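# Descriptive structure summary
Here is how the chains run, residue by residue.
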There are 2 protein chains.
Amino acid sequence: MTITIIGTVAFDTIETPIGKHEKLLGGSASYAALAASVFSDVAIISIVGKDFPNNYLSLLKSKNINVDGIKVSQNDTFAWEGYYEKDMNQAFTKETQLNCLTELDPEVPDDFKNSKIVFLANVDPVLQQKAIKEFTSPQLIVLDTMNYWIEHKSYDLGQALKQVDVLIINDQEARQISGNNNVILAVKEIAKMGPKRIIVKKGEHGSIMFNGNDYFCVPALPVKKVVDPTGAGDSFAGGFVGYLASKKIFTEQTFRNAVVVGTLASSTTVQGFGVSTISKLNRGKIGELFSGFKEITTLPSAL
Amino acid sequence: MTITIIGTVAFDTIETPIGKHEKLLGGSASYAALAASVFSDVAIISIVGKDFPNNYLSLLKSKNINVDGIKVSQNDTFAWEGYYEKDMNQAFTKETQLNCLTELDPEVPDDFKNSKIVFLANVDPVLQQKAIKEFTSPQLIVLDTMNYWIEHKSYDLGQALKQVDVLIINDQEARQISGNNNVILAVKEIAKMGPKRIIVKKGEHGSIMFNGNDYFCVPALPVKKVVDPTGAGDSFAGGFVGYLASKKIFTEQTFRNAVVVGTLASSTTVQGFGVSTISKLNRGKIGELFSGFKEITTLPSAL
């Protein structure tokens with residue numbers, strides 16, 4: 001098994017200026033796994049409720065995503081309802097029903113324990129720490145988190161960060177973790193907490209990957225019609241780990257390419273509701289997007 | 001005369017989390033001319049008061065900036081006082097004393113009338129229109145503006161836009177002019193108003209240049225210690241027109257290079273108070289910054 005993703009599989013009810021959709025397939029692990037599946041074999045560790053429809057699991061399976069690690073609870077599925085206002089830069093939560101999510105226990109099936117890459121998507125850092133122990137010798141541990149855990153479980157998050165290779169966060173979270181407003185200085189503080197590599201996502205403004213004193217800046221792919229930003233960050237992370245897992249060795253260039261793939265995956269996600277667009281992404285399409293992206297970003301060889 | 005810049009030359013009193021400085025040399029034309037002077041001959045059309053110190057004019061002259069078009073009024077110099085809070089993304093105005101600025105009349109001395117590039121920095125669009133008529137056959141007219149004119153003089157701004165080749169604005173202004181929150185759609189609306197090329201500046205997130213359906217995205221150069229963001233946008237525009245003026249023909253590549261030079265100029269400005277850093281920029285330093293910038297932004301040739 002190449003990548004194992006620990007995260008949520010959920011029902012999302014989403015309203016954006018473009019429209020409203022109820023009980024879509026959502027959750028950090030769903031988006032990340034769909035994006036990662038373009039390049040690699042993926043397994044999900046998660047939990048859903050007895051009300052979770054088979055066709056959602058079938059969609060994941062149709063992309064060769066291993067769902068044997070998704071437990072089925074007697075409770076209902078974790079459900080999020082939210083909306084976006086006109087500029088769609090921020091998600092507003094209307095309701096969160098944790099339901100079966102409180103039972104999530106990252107027990108990793110034996111045949112996933114030798115995963116090359118472990119992606120700890122956004123869940124309680126206590127569970128993230130527990131999950132890390134389940135794997136025999138992952139080459140790379142990648143962690144995502146959110147403002148809630150930074151605020152309410154900073155100690156546990158700190159413990160988890162000691163063990164991860166790559167942290168993926170957004171610029172607000174970087175400021176929140178470090179207490180520093182300048183992103184470069186914020187990242188320097190966070191690097192002391194453990195992660196060797198830190199990727200700061202800035203939504204429509206692209207991302208920056210930091211590695212010691214080196215960094216790599218990538219703009220976002222401009223999107224004419226943003227339909228639904230939900231899952232953009234998870235898709236970024238999924239594209240990133242998916243690309244890495246498809247390579248034998250991880251050089252600086254491999255990591256840079258992975259950031260570019262993450263960028264293309266997240267721009268794909270925002271162009272449709274829920275997973276409707278990311279679940280149709282494939283290598284051919286990534287290649288086309290990459291050519292276009294190079295065209296609009298390449299600097300001159302000299303001035 | 002290669003570039004003529006119509007804009008303000010002012011006293012700036014600036015407070016940032018790093019410190020406070022009074023009556024610094026400021027104004028859109030000062031920053032833009034200093035940035036442009038790295039690559040080209042520049043002249044300023046502006047007005048200052050009887051209290052304007054000779055050493056500020058000497059500084060401009062020492063960079064080969066022609067100041068013959070800066071009138072000296074019997075009134076005091078235009079003065080702005082403002083501050084920045086912790087994240088320094090927004091300037092807050094404490095006081096604006098227009099003083100002699102109300103007398104600004106863009107009469108262009110005869111030997112500037114054949115300027116190759118005219119840069120209409122941020123002043124009243126009525127004056128911008130008047131200035132355009134003063135020139136015989138500029139190859140390129142570039143215009144900058146601000147929220148105040150968009151709000152209070154939208155008709156006049158519209159008339160000016162009909163005559164310009166390149167509009168340089170920030171993302172908020174693009175949304176404000178067009179009423180559209182999506183930057184790509186906003187720019188499509190603005191393009192109908194006249195400008196063939198539109199550059200949207202996004203501060204620490206870089207910029208995008210639009211030309212019909214083509215665009216070019218450039219991240220900002222990450223800066224470890226932002227000291228004073230005042231003049232960053234003017235320096236961008238100055239670097240942009242300065243680079244262009246140094247080239248015989250304007251190809252798409254020339255415009256892209258010019259955006260990169262603007263990016264490097266604005267990142268230079270924010271690293272010191274007032275014009276202290278931009279006034280020390282030179283071609284050698286631009287070359288070094290460019291090499292570093294390429295290093296942190298170059299995409300792989302293939303995935």
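For the structure, check the block above.
About the thresholds
Residues numbered from 1 in each chain as written. Chains lettered and ligands numbered in written order. Predicted model: local features only at pLDDT ≥ 70, side-chain atom pairs only at ≥ 80, totals over all residues. Heavy atoms only, no water. Helix = DSSP H or I, 4+ residues; strand = E, 2+ residues; numbered from the N terminus. Rg over C-alpha atoms; globule rule 2.2 N^0.38 Å. Buried < 20%, exposed > 50% of the residue type's maximum accessible area, 1.4 Å probe, protein only. Contact = heavy atoms within 4.5 Å. Areas by Shrake-Rupley, 256 points an atom, 1.4 Å probe, with all protein chains shown as cover. Lys, Arg positive; Asp, Glu negative; His and termini not counted. Charge placed at Lys NZ, Arg CZ, Asp CG, Glu CD. Axes fitted to C-alpha atoms, helices over the stretch in contact; angles between N-to-C directions. Parallel < 35°, antiparallel > 145°, perpendicular 65-115°, else oblique. Left-handed = near helix turned anticlockwise from the far one by under 90°. Nonpolar A, V, L, I, M, F, W, Y, C, P; charged D, E, K, R; others polar. Phe/Tyr/Trp six-rings, centres within 6.5 Å; stacked < 30°, edge-to-face > 60°. Lys NZ or Arg CZ within 6 Å of the ring centre and 35° of its normal. Least-squares fit on C-alpha atoms with pLDDT ≥ 70 in both.

Scanning chain A for helices and strands turns up 10 helices and 13 strands. Scaling as 2.2 N^0.38, a compact globule of 303 residues should have a C-alpha radius of gyration of about 19 Å, and chain A matches this with 18 Å. Across the 303 residues in chain A, those meeting the buried criterion constitute 60%. A separation of at least 24 residues holds for 66% of the contacts in chain A among residues at least 6 apart in sequence. A total of about 11900 Å² of accessible surface is found on chain A, and carbon and sulfur atoms cover 48% of it. When the 30 positive and 32 negative side-chain charges of chain A are each reduced to one mean point, those points stand 6 Å apart.

What follows is about the packing of helix α3 (residues 125–133) of chain A against helix α5 (residues 154–161) of chain A. All names here are of chain A. Put simply, α3 and α5 touch, their axes get as near as 8 Å, and they point 25° apart. Classified by the angle between their axes, α3 and α5 sit roughly parallel to one another. Regarding α3 and α5, the two cross each other, and that crossing is left-handed. Where α3 approaches α5, its residues Pro125, Val126, Gln128, Gln129 and Ile132 are matched on the opposing element by Asp156, Leu157, Gln159 and Ala160. Split into classes, the residues belonging to the contact of α3 with α5 amount to five nonpolar, three polar and one charged.

Bringing the packing of aromatic side chains into the picture now. Residues and elements named next belong to chain A. Applying the stated rule across the entire model yields 18 aromatic pairs over all chains. Grouping aromatic residues by their ring pairs yields a cluster made of Phe11, Phe52 and Tyr56. One cation-aromatic arrangement involves lysine 23 over phenylalanine 11; the distance from NZ or CZ to the ring centre is 4.7 Å.

What follows covers the relation of the copies chain B and chain A. For the pair chain B and chain A, the relating rotation is 180°, the translation along its axis is 0.0 Å, and the fit reaches an RMSD of 0.0 Å. Such a turn and shift between the copies fits a two-fold axis. When you check the interface residues of chain B against chain A, 100% turn up at the interface there too, and the contact is symmetric in its surfaces.

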